[in-house]
Amino acid sequence: MKYFYIFFLLIILSCSSHNESQEIQNMQRIDLGEIENDEILEASGIASSRFNQNILWTHNDSGDENRIFAMDINGNHVGEFFLNNVKNRDWEDIAIGPGPIEGVDYIFVGDIGDNRSENDIKHIYRFAEPQVYTDNQSSEINIDNIESISYQYEDGNRDAESLIVDPITKDIIIISKREESAVHFYLLPFPHDTENILTAQLIMTKDFYPNINFNTSQWIVAGDISKDGSKILIKSYSDIFYFTRGRNQSIFDALNTTGEKLPYVTEPQGEAICWDRMTSGYFTLSEEADDANQPAHLYFYPYN
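Reading the values: the criteria
Residues numbered from 1 in each chain as written. Predicted model: local features only at pLDDT ≥ 70, side-chain atom pairs only at ≥ 80, totals over all residues. Heavy atoms only, no water. Pairing = 2+ DSSP bridges. Helix = DSSP H or I, 4+ residues; strand = E, 2+ residues; numbered from the N terminus. Axes fitted to C-alpha atoms, helices over the stretch in contact; angles between N-to-C directions. Core = buried A, V, L, I, M, F, W, Y, C linked by side-chain atoms within 4.5 Å. Buried < 20%, exposed > 50% of the residue type's maximum accessible area, 1.4 Å probe, protein only. Contact = heavy atoms within 4.5 Å. Polar contact = N/O pair within 3.5 Å; in protein donor to acceptor, adjacent residues only side chain to side chain.

Peer 1: Any chance you could explain the sheet that holds strand S4 (residues 67–72) here in plain terms?
Peer 2: Note on sheets: strands pair through backbone hydrogen bonds, and any given pair is parallel or antiparallel. One open sheet holds the five strands; their spatial order is S2-S3-S4-S5-S9, and the pairing between them is mixed. If you trace the sheet from one side to the other, it starts and ends with strand S2 (43–48) and strand S9 (140–143), each paired once. Direction aside, neighbouring strands of the sheet carry axes that sit 30° apart on average. Here five bridges tie S2 to strand S3 (residues 55–60), and the two strands are oriented antiparallel to one another. Each residue of the ladder has a partner; that of Ile-46, found in S3, is Thr-58.

Shown next as structure tokens:
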């Protein structure tokens with residue numbers, strides 16, 4: 001009887017601790033409101049503009065047109081931008097970073113999704129970030145001069161949903177998704193040949209849940225890095241992992257540390273994360289949950 005009582009007490013304390021933790025995370029999350037544009041149904045990436053103040057970029061994944069959306073930091077629609085001569089096979093992440101012209105911010109759209117691992121060649125579309133006007137702007141804008149960085153993985157086809165551009169080295173990092181333990185980290189070193197097919201180098205593997213039996217909520221689905229390259233976010237469906245990067249340290253060395261978890265309230269199919277413009281917090285965005293009649297909301301977590 002004594003041992004039963006102790007066991008029962010441990011269960012109560014565990015539940016209480018979980019509920020308290022959930023309440024703390026709810027308090028830290030700011031709901032910025034419902035996404036205004038009804039055509040953003042399956043948001044799979046988000047990036048905070050460094051060129052346009054208070055602008056966020058997002059896109060739908062497979063099945064949508066060749067377009068990205070600009071919205072403000074309250075989720076209000078600002079513009080719809082079409083990438084000419086480009087197809088959305090399975091766009092899974094978007095990033096902003098440096099490129100071939102010094103001082104220019106580039107948008108990188110990752111056509112890197114591959115649920116069945118059946119596509120040998122993946123593509124990352126790169127173009128200079130356009131100016132966004134919040135007043136008197138055409139609702140549909142075409143973007144030309146898009147470069148395609150085409151690549152294949154050195155160890156076989158992979159599904160991926162996480163794209164990071166190193167602001168210091170200009171390298172591209174891709175993280176695989178559908179692994180049952182350690183995910184794969186790949187490198188496309190700068191400069192990026194846009195005429196030939198590149199080989200993404202497998203640099204490291206990492207198990208973000210080494211002591212937990214695998215389930216699909218542990219799949220890695222997004223990532224971002226601060227403008228100065230010192231703060232890295234990696235997101236699974238259920239958690240956000242945070243890593244700091246020291247001076248003269250590679251991204252891979254930084255990610256090979258323990259890191260820590262940051263506050264996050266699970267969203268339906270939450271596949272998007274980015275730092276805000278000043279690295280004072282991070283935004284998250286998810287797909288809409290049709291079965292629960294739950295529209296997508298933009299959330300912000302202040303970072304201390």
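Peer 1: Hey, could you run me through the nonpolar core in this one?
Peer 2: When a protein is soluble and globular, its nonpolar side chains tend to lie buried together. Ranked by internal contacts, the top residues of the largest apolar core, which has 19 residues, are Phe-185, Phe-208, Ile-232, Ile-234 and Leu-255. Listed by contribution, the elements that provide at least two residues to this core are strand S12 (172–176), strand S13 (183–188), strand S15 (220–225), strand S16 (231–236), strand S17 (240–244) and helix H2 (251–255). Ranked by the residues each element gives to this core, the list is headed by H2, at four residues. Here Ile-234 is in contact with Ile-164, Ile-175, Phe-208, Ile-220, Ala-222, Gly-223, Asp-239, Ile-240, Phe-241, Phe-243 and Leu-255, once residues within four sequence places are set aside. In terms of nonpolar packing, the next biggest core, distinct from the first, is built from 18 residues, Ile-68, Val-78, Leu-83 and Ile-107 among them.

Peer 1: In this structure, what is going on with the pairing of S17? I would like to understand it.
Peer 2: On a regular strand, each side chain points to the face opposite its neighbour's, so the side chains alternate between the two faces of the sheet. Across the five residues of S17, four count as buried, placing the element largely inside the fold. Pairing between S16 and S17: five bridges, direction antiparallel. Considered in S17, the bridge of Ile-234 is made with Phe-241. In this sheet, strand S18 (residues 260–262) lies alongside S17 in antiparallel orientation, the contact comprising three bridges. Paired with Tyr-242 across the bridge in S18 is Glu-260.

Peer 1: Looking at this structure, how should I read the side chain of His-184?
Peer 2: Structurally, His-184 can be placed in strand S13. Polar contacts involving the side chain of His-184 include one to the side chain of Asp-155, which spans 3.2 Å. For His-184, the side chain forms a polar contact with the side chain of Tyr-186, separated by 3.1 Å. Other than its neighbours up to four places away in sequence, His-184 contacts Asp-155, Arg-158, Ile-174, Ile-175, Ser-176, Glu-179, Leu-202, Met-204 and Thr-205.

Peer 1: For this particular structure, what's the right way to read the sheet that holds S13?
Peer 2: Strand order in the open sheet formed by eight strands is S6-S7-S8-S10-S14-S13-S12-S11, with mixed pairing between adjacent strands. Taken across any chain shown, the strands that pair with only one partner, and hence form the sheet edges, are strand S6 (93–97) and strand S11 (160–165). Sheet twist, expressed as the average angle between the axes of neighbouring strands with direction ignored, equals 30°. Summarising the sheet, strand S7 (residues 106–111) and strand S8 (residues 122–128) pair through six bridges and their orientation is antiparallel. Residue pairing in the sheet places Asp-111 in a bridge with His-123 of S8.

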